[in-house]
Amino acid sequence: MRLDKFLKVSRLVKRRSVAKEIADKGRILINGKPGKSASSVDIGDQLTLLFGNRTLVVTITDVRDTTKKDDAASLYKIDSDEKAKTDSPF
């Protein structure tokens, strides 16, 4: 399955066009290597998503063409979800 479609179906990103944009900017890694929107993903692949100051690492557990909102989280397992630490006291 295409990376941008998986991100949309799994609801990790709200819109496929947004998924395509961030993937093509190199902000998504597939198994540690930069992925493009047309890159193929499969069960067992590890995705690293860089959202501003947040880094989300997930492992794909299932691939489906469509899914209901309640079942979307079953398509991946969250390995880590970190926010960048800042030195600001605010």
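The structure reproduced in this document is the subject of the present report. Predicted model, so just to flag it, every value in this text is computed and none were measured. Each chain has its residues counted from 1, following the order in which its sequence is written. Local features in this predicted model are restricted to residues whose pLDDT is 70 or higher, and side-chain atom pairs enter the listing and the counts only when it is 80 or higher, whereas totals over whole chains, interfaces and linings include all residues. Note that the side-chain values use all heavy atoms of the structure and ignore hydrogens as well as water.

**Quick look at the nonpolar core**
In this structure, Leu3, Leu7 and Leu47 are the most contacted members of the largest nonpolar core, which totals 19 residues. Only helix H1 (3–9), helix H2 (16–24), strand E1 (28–30), strand E3 (46–51) and strand E4 (54–60) provide two or more residues apiece to this core. The definition of a nonpolar core used throughout is a set of buried Ala, Val, Leu, Ile, Met, Phe, Trp, Tyr and Cys residues joined through side-chain atoms within 4.5 Å. To sort residues, take the accessible area from a 1.4 Å probe on protein chains only and compare it with the maximum for the residue type: under 20% means buried, over 50% means exposed, and anything in between is partly exposed. Runs of E in the DSSP output that reach at least two residues are strands. Runs of H or I that reach at least four are helices, and both are numbered from the N terminus.

**Here's the deal with the environment of Thr61**
Within the secondary structure, Thr61 is located in the loop between E4 and strand E5 (76–83). Among the residues examined, Thr61 registers a relative accessible area of 37% and is labelled partly exposed. Counting along the chain gives 32 residues from Thr61 to Leu29, while the straight-line C-alpha distance between them is 17 Å. A contact between two residues is defined here by any heavy atoms of the two lying within 4.5 Å. For Thr61, the residues in contact, after removing those within four places along its chain, are Ile43, Ser74, Leu75, Tyr76 and Lys77. Polar contacts, as counted here, are pairs of nitrogen or oxygen atoms within 3.5 Å of one another; within protein the pair requires one atom able to donate a hydrogen and one able to accept it, and residues that are adjacent in sequence qualify only if both atoms are side-chain atoms. Of note is the side chain of Thr61, whose polar atom sits 2.8 Å from the backbone oxygen of Ser74. A polar atom in the side chain of Thr61 sits 3.3 Å from the backbone nitrogen of Tyr76.

**Observations regarding unusual backbone geometry**
With the exception of glycine, most residues fall at negative phi, and the peptide bonds are largely trans. Even without a glycine there, the phi angle at Arg11 is positive, about 65 degrees. Looking at the secondary structure, you find Arg11 in the loop between H1 and H2. Look at Asn31: it is not a glycine, yet its phi comes out positive at around 50 degrees. Along the chain, Asn31 falls in the loop between E1 and strand E2 (33–34). Overall, Asn31 belongs to the partly exposed group, its relative accessible area being 44%.

**Description of the pairing of E3**
A pair of strands is labelled paired if DSSP reports no fewer than 2 bridges between them. Here E1 runs beside E3; their pairing, made up of three bridges, is antiparallel. Bridge pairing in E3 links Leu29 to Thr48. Relative to E4, E3 is paired through six bridges, and the arrangement is antiparallel. Residue Leu47 lies in a different strand from E4, and its bridge partner there is Val58. In textbook terms, the turn of a hairpin is the stretch between consecutive antiparallel strands, and for E3 and E4 this stretch comprises two residues, one of which, Gly52, has a positive phi near 50 degrees.

**Brief notes about the environment of Val13**
The topology assignment puts Val13 in the loop between H1 and H2. Linking Val13 and Leu49, residues 36 residues apart in sequence, is a C-alpha distance of 9.9 Å. Once residues within four sequence positions are removed from consideration, Val13 is found in contact with Leu7, Lys8, Val18, Ala19, Ile22 and Phe51.

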